[in-house]
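Below are the chains, spelled out letter by letter.
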Amino acid sequence: MALSEWLRQAWRRQRRPGWRGWAWGFAVTIFTVVLILFADASGIVADLTSRQRHRLDATTRALLDVLPADRGKLEVYGVVSDRAVDRVAAEQGLDPLLANVAAHSPRVRARLIAFSTEPELCRELGTGRTPTLALRWSEPVSDGLQLVADIEPTPAGLRRALRTLLETKRPPVLLLSGHGELAVSGSGGEPGPLLLFAHHLDDEAGFAVGPGTLVARGGALPPDAVVVSAGPRADFLVEELDQLDTHLRSGGGALLLLGPVLGTGGRQRPLPLLEQWLDSRGVSLQADVVADLDGLSRGDVRHLVLTPTVDVHPAGPPPGLLLTLPIARSLVGNEALAAATRAQALFETRRSSWSERDDLAAPTFDLDRDATGPLELARALHVGDGRLVVIGSHELARNERFLQGGNSAFLTRAVRWLAGGDAEATGAGDTTEADTPARDGTLVLDGGRRAPFRWTLMLAVILPLALAGWTAWRRR
């Protein structure tokens, strides 16, 4: 049969009236509508463009929205290498990032430069021949920084540079030492157990983190500083507690992470002076270990995993995120002092938990002796003009636990509240997009994977439609 005759007969069959003529178009329409509804409900977006606007996170967008008007435009330069291989790799990441920045804010000028083409500008910016970012104001500024250069050419590096330019002063956070606390650096320059905690506060949350001691330097602590003591193994001196008390009453903040420290015989190592100081302010540290039957699935009943459901305080954990505490002790608040100190429990355990006081290393529930849950694990209160947060665990700040679940968000919120955020507890916390980022369903694909995915997506849509059409054609 000639091709022209076959096409003529096919056209005549296609024009025949009947339900098959309109059912095909109806099926295609229904399929398209269902596909659109599914994509909208699931929140999945395939960003196949070269700009990839998802790369600007919420924190970066917020910083770009508050650029001061008296400093002119913000000039953002992406310096690429002169080597062809490095230049292509840098352009694939930097070009979309700079385009997104310029598209988000009309007060930003962003472009790529290279030392070989614009050596004078690179010298003026203080950049070399390696890929980097440089930011500066187009108008001279009387206070603050004019230029930030040699920045890591990534979205995180851009975010840090924006914070450096915009924030004239970052609230200080002092990590105490001298009582056997967890440290940022270990022996021999090795990373310490608080490295990620300190890095997150300094690099992501906008604080100036540094070491601190009590009394030893003889002077008062910075009045706006947040003092952090994580897992002290030795008791505080009376003079140190007096200095800490003076700091709080002057408007400072303190975060005490006081988890169980087991001594010989599996007993709790006491901190009598610190415990007495806390007790006089309405927080009683218990010489116990909190256990929960739910921990059996993780091999240790002391391993607590909690999911707060209510946002009760600005310093508390954000609801809906898991808290992981490998070991913790309970607190008891003095209700007689609660009104004066505006104290409030931040979170509690479940009813399946209990307070173990006999064998802290291997807890076993005793119906006659052990108190059952819910048990309080953290409390926030006011001391004079200052603020104090006590948490019955320091393990959640360790490197291996800090990034699990909502641990980082909880500790960041606590430090932010101690630094002066959200004056009062009103039942609504200060959860920000930086602490608990909104769900991002964007499917991120780099340049090398966009083309194969695009063809796969096209074939996944076209082939079923073509097969259905061929099947309907064969049945006629």
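Residues numbered from 1 in each chain as written. Predicted model: local features only at pLDDT ≥ 70, side-chain atom pairs only at ≥ 80, totals over all residues. Heavy atoms only, no water.

1. Considering the packing of helix α8 (residues 238-249) against helix α9 (residues 272-279)
Helix-helix packing is described using two parameters, namely the angle between the two axes and the distance between the axes. Put simply, the rule reads: Angles shown run from 0 to 180 degrees and are taken between the N-to-C directions of axes, each axis being a line fitted to C-alpha atoms and, for helices, limited to the stretch in contact. Only DSSP runs of H or I covering at least 4 residues are called helices, and only runs of E covering at least 2 are called strands; the numbering of each starts at the N terminus. By the definition adopted for this analysis, an angle is roughly parallel if under 35 degrees, roughly antiparallel if over 145, roughly perpendicular if from 65 to 115, and oblique otherwise. Note on convention: the crossing is left-handed when the near helix lies turned anticlockwise from the far helix by less than a right angle, right-handed when the turn is clockwise. Throughout, a contact is declared for two residues whenever any of their heavy atoms are within 4.5 Å. All residues other than Ala, Val, Leu, Ile, Met, Phe, Trp, Tyr, Cys, Pro, Asp, Glu, Lys and Arg, Gly among them, are scored as polar; the first ten of these are nonpolar and the last four charged.
Here α8 crosses α9 at 30°, and the two axes come no closer than 10 Å. Relative to α9, the element α8 is oriented roughly parallel. Here α8 and α9 pass one another in a crossing that is right-handed. Side by side, α8 and α9 meet where Val238, Leu241, Leu244, Asp245 and Leu248 of the first sit next to Leu273, Leu274 and Trp277 of the second. Residues belonging to the contact of α8 with α9 are distributed by class as follows: seven nonpolar, no polar and one charged.

2. Focus on the confidence of the model for the protein
Applied cut-off: For every residue, the predictor reports its confidence as pLDDT, a number between 0 and 100.
For the protein, per-residue confidence averages 78 on the pLDDT scale, and 74% of positions sit at 70 or higher. A low-confidence stretch, residues 50-54 stays under pLDDT 50, and its non-local contacts, those more than four residues away or across chains, total 19 contacts. Scored below 50 in pLDDT, residues 423-447 shows 58 contacts in the model against residues more than four places distant or in partner chains.

3. Description of the sheet that holds strand β16 (residues 353-356)
Operational definition: Only strands that DSSP links by at least two bridges are regarded as paired with each other.
Ordered by their spatial adjacency, three strands build an open sheet running β11-β16-β17, and the pairing between neighbours is antiparallel. Of all strands in the sheet, those with a lone pairing partner are β11 (289-292) and β17 (371-372), marking the two edges. In terms of strand pairing, β16 meets β17 through two bridges, oriented antiparallel. Note that in β17 the partner of serine 355 across the bridge is alanine 371.

4. Notes on the packing of aromatic side chains
Quick reminder of the rule: Pairing of aromatic side chains here covers Phe, Tyr and the six-membered ring of Trp, requires ring centres within 6.5 Å, and sorts the geometry by plane angle: under 30 degrees stacked, over 60 edge-to-face, intermediate tilted. Only protein chains enter the accessibility calculation, which uses a 1.4 Å probe. A residue is then buried if its area is under 20% of the maximum for its type, exposed if over 50%, and partly exposed in between.
The full count for this structure, using the stated rule, is three aromatic pairs. Ring plane angle 80° and centroid distance 5.7 Å describe the contact between phenylalanine 197 and phenylalanine 402, whose orientation is recorded as edge-to-face. Placement of phenylalanine 197 in helix α7 (residues 195-203) and of phenylalanine 402 in helix α11 (residues 399-402) is noted, with a sequence separation of 205 residues between them. Across the pair, phenylalanine 402 and phenylalanine 197 agree in class, each one buried. Ring centres of phenylalanine 347 and phenylalanine 410 lie 5.4 Å apart, and the angle between their planes is 85°; this geometry places the pair in the edge-to-face category. With phenylalanine 347 in strand β15 (residues 344-348) and phenylalanine 410 in helix α12 (residues 407-418), the pair connects residues that are 63 residues apart, well separated along the chain. The buried category is assigned to phenylalanine 410, whose relative accessible area is 0%.

5. Examining the environment of glycine 212
Considering the arrangement of structural elements, one finds glycine 212 in strand β7 (residues 208-212). By relative accessible area, which is 4% here, glycine 212 ends up buried. Sequence separation between glycine 212 and serine 229 is 17 residues, and the spatial gap between their C-alpha atoms is 9.7 Å. Setting aside residues up to four positions removed in sequence, glycine 212 forms contacts with Leu174, Leu175, Leu176 and Ser177.

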